[in-house]
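Survey of secondary and tertiary structure
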Amino acid sequence: TKNDAITISSLDGMSHTAINTSTIIDKIPGIVASKTGSTDLAGGNLALVCEPLPGRPIAEVVLGSTREGREMDMHLRIDAATSDLKRKILCAGGL
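As a starting point, this report considers the structure included with it. (Residues numbered from 1 in each chain as written. Predicted model: local features only at pLDDT ≥ 70, side-chain atom pairs only at ≥ 80, totals over all residues. Heavy atoms only, no water.)

In this structure the tally under the stated criterion is five salt bridges. Between Arg 77 and Glu 60 there is a salt bridge whose closest N-O contact spans 2.7 Å. With Arg 77 in helix α1 (residues 70–92) and Glu 60 in strand β5 (residues 56–65), the pair connects residues that are 17 residues apart, well separated along the chain. Accessibility expressed as a relative area gives 41% for Arg 77, which makes it partly exposed. The closest approach of N and O atoms between Lys 88 and Asp 84, which form a salt bridge, is 3.2 Å. Pair noted here: Lys 88 and Asp 84 are both in helix α1, with a separation of four residues, about one helical turn. Each member of the salt-bridge network shares a partner with another, and the members are Asp 84, Arg 87 and Lys 88. (Salt bridge = Lys/Arg side-chain N within 4 Å of Asp/Glu carboxyl O. Helix = DSSP H or I, 4+ residues; strand = E, 2+ residues; numbered from the N terminus. Buried < 20%, exposed > 50% of the residue type's maximum accessible area, 1.4 Å probe, protein only.)

Rendered as structure tokens:
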């Protein structure tokens, strides 16, 4: 989710709060959705969709990182993808 936390109600009326464990959601502009994960075998993982430029969504997945390093790895990937997208737009003559 792009939210810090979300509270939903189940069909039986109980409230459930989900806390976002990703620390990157306030550091990348235009976040649409994110999902973290971590297992002994796969390491730290993070999937993220953002729209750094209007109408130009980017989806990235970091696999096999560490729980502590997945956000920095994602930040580097999103920065690189955004720079590449801007370069392609400029070379093509605009949006």
